[in-house]
Amino acid sequence: MLGSSLASSPSATLGSVKCFRHSAGAFVTYSSVLPLRLNSSYHGVVGGVRTSRGSQNKWIVLCSTTTQVETAGDEPKTWEECKEALSCFDFSVEEQDKILGKAFGHIHSPYWTEEREKENPKVETLNHVFEFLRSLGLSDEDLHKVLKKFPEVLGCSLEEEMKPNIGILESQWGITGKSLRSLLLRNPKVLGYNVDCKGDCVAQCTRCWVRF
């Protein structure tokens, strides 16, 4: 079996976590096995296992909790690059996985009123968001607080939501500078507002300006 082969392989390292093989729509558990580096025979990767079904590869990226994040093709490399982009904000590996999972639909979040379509994050997208937020006067310590409180911000549209919303806060509410920074630390969800029901509820409450 793959589990026993991995355990006996010199390129596999035993740990206290679990890895999963995606087969015929089910997960098969191999206890206490964690491939820690690339292996030409078993395709081990940090925090995950590569499997194949027909011509399509599936990866199960594991957190240190029971959370599993499934990506396709070579996306684990991109996922790891995005985690690296988050590492400067002093998040643990587990927190990095959760932030990306909630932001891009791999982990359920009540913020997305409808089930968010799974998306594979891109490090360029994350960096553009970070640059924009820094331009508003937020430090890396501030960004840690924002991402901790509202990880879904990374899955919001920079051009269609974040920038227009900051424009509304500045032009209609006169909120700029230190006041804007304080607002974003207190209520970062304002960055993702995209509905204004004006009191006539449209069941999009988590993203509605009426909450402001």
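Residues numbered from 1 in each chain as written. Predicted model: local features only at pLDDT ≥ 70, side-chain atom pairs only at ≥ 80, totals over all residues. Heavy atoms only, no water.

### Considering the overall build of the protein chain
As a reminder of what qualifies: The helix count covers DSSP runs of H or I at least four residues long, the strand count covers runs of E at least two residues long, and both are numbered beginning at the N terminus.
The helix and strand inventory of the protein chain stands at seven helices and six strands. Taken from N to C terminus, the helices and strands of the protein chain fall in the order α-β-β-β-β-β-β-α-α-α-α-α-α.

### Some thoughts on the confidence of the model for the protein chain
Selection criterion: For every residue, the predictor reports its confidence as pLDDT, a number between 0 and 100.
Of all residues in the protein chain, 58% attain a pLDDT of 70 or more, and the chain-wide mean is 74. Mean pLDDT in the protein chain bottoms out at strand S2 (residues 26-34), which sits at 37, and peaks at helix H5 (residues 140-149), which reaches 98.

### Describing the side chain of Gln-96
Going by this rule: Note on classification: 1.4 Å probe, protein chains only; a residue is buried when its accessible area is under 20% of the maximum for its type, exposed when over 50%, partly exposed between these limits. It only takes one pair of heavy atoms within 4.5 Å for two residues to be counted as in contact.
Mapped onto the elements of the fold, Gln-96 is located in helix H3 (residues 93-103). Using a relative accessible area of 7% as the deciding quantity, one classes Gln-96 as buried. The contact partners of Gln-96, leaving out residues within four places of it in the chain, are Lys-83, Leu-86, Ser-87 and Phe-91.

### A few points about the nonpolar core
To keep it simple, the criterion reads: Buried Ala, Val, Leu, Ile, Met, Phe, Trp, Tyr and Cys residues that are joined via side-chain atoms within 4.5 Å together make up what is termed a nonpolar core.
By size, the foremost hydrophobic cluster in this structure holds 39 residues, and its most contacted members are Leu-147 and Leu-154. Per-element accounting of this core gives the leading share, six residues, to helix H4 (residues 123-135). Excluding residues that lie within four positions of it along the chain, Leu-154 makes contacts with Leu-86, Ile-99, Ala-103, Phe-104, Leu-126, Val-129, Phe-130 and Leu-147.

### Examining the packing of aromatic side chains
In plain terms, the rule: Aromatic contacts are taken between Phe, Tyr and Trp rings whose centres are within 6.5 Å, Trp giving its six-membered ring; a plane angle under 30 degrees counts as stacked, one over 60 as edge-to-face, and the others as tilted.
Following the criterion strictly, the structure yields three aromatic pairs and no others. With centroids separated by 4.9 Å and ring planes inclined at 75°, the aromatic side chains of Tyr-111 and Trp-112 adopt a geometry described as edge-to-face. Pair check on accessibility: Tyr-111 and Trp-112 agree, each one buried. Ring geometry for Tyr-111 and Phe-150: centres 4.9 Å apart, planes at 70°, overall edge-to-face.

### A word on the pattern of salt bridges
As a reminder of what qualifies: Think of a salt bridge as a Lys or Arg side-chain nitrogen and an Asp or Glu carboxyl oxygen that are within 4 Å of each other.
Applying the stated criterion across every chain, the model contains eight salt bridges. The partner of Asp-140 in a salt bridge is Arg-134, and the shortest N-O contact between them spans 2.9 Å. Accessibility expressed as a relative area gives 33% for Asp-140, which makes it partly exposed. With a closest N to O distance of 3.0 Å, Glu-159 and Lys-163 form a salt bridge. Taken together, the residues Glu-159 and Lys-163, both in helix H6 (residues 158-171) and four residues apart, mark about one turn of the helix. The exposure class of Lys-163 is partly exposed, given its relative accessible area of 35%. One continuous salt-bridge network, built from bridges that share partners, spans Glu-80, Lys-83 and Asp-97.

### A look at the packing of helix H2 (residues 75-87) against H3
In plain terms, the rule: Fitted lines through C-alpha atoms serve as axes, helices being fitted only where they are in contact, and the angles separating the N-to-C directions of these axes extend from 0 to 180 degrees. To sort the angles, those under 35 degrees are grouped as roughly parallel, those over 145 as roughly antiparallel, those from 65 to 115 as roughly perpendicular, and the leftovers as oblique. Note: crossing handedness is left-handed where the near helix turns anticlockwise from the far helix by less than a right angle, and right-handed where it turns clockwise. Under the scheme applied here, ten amino acids are nonpolar (Ala, Val, Leu, Ile, Met, Phe, Trp, Tyr, Cys and Pro), four are charged (Asp, Glu, Lys and Arg), and all others, including Gly, are polar.
Two numbers describe how H2 lies on H3: the axes approach to 10 Å, and their chain directions differ by 115°. As far as their axial angle goes, H3 and H2 are roughly perpendicular. With respect to the hand of their crossing, H2 and H3 are arranged in right-handed fashion. Of the residues in H3, those touching H2 at Trp-79, Cys-82, Lys-83, Leu-86 and Ser-87 are Val-93, Gln-96, Asp-97, Ile-99, Leu-100 and Gly-101. Looking at the contact of H2 with H3 residue by residue, the class counts come to six nonpolar, three polar and two charged.

### Structural notes on helix H7 (residues 177-186)
Of the residues making up H7, those classed as buried are Leu-180, Leu-183, Leu-184 and Leu-185. Against the buried residues of H7 lie H5 and H6.

### Remarks on unusual backbone geometry
Leave glycine aside and you will find that most residues have negative phi; peptide bonds, for their part, are mostly trans. The phi angle at Asp-90 is positive, at roughly 65°, despite the residue not being glycine. Positionally, Asp-90 belongs in the loop between H2 and H3. Taking relative accessible area as the criterion, Asp-90 reaches 65% and is therefore assigned exposed.

### Regarding the packing of H4 against H5
Packing of H4 against H5 brings their axes to within 10 Å, and their N-to-C directions diverge by 115°. In the packing of H4 onto H5, the handedness of the crossing is right-handed. Counting all contacts with H4, which are made through Phe-130, Leu-133 and Arg-134, the residues of H5 involved are Asp-140, Leu-143 and Leu-147. When its residues are assigned to classes, the contact of H4 with H5 shows four nonpolar, no polar and two charged.

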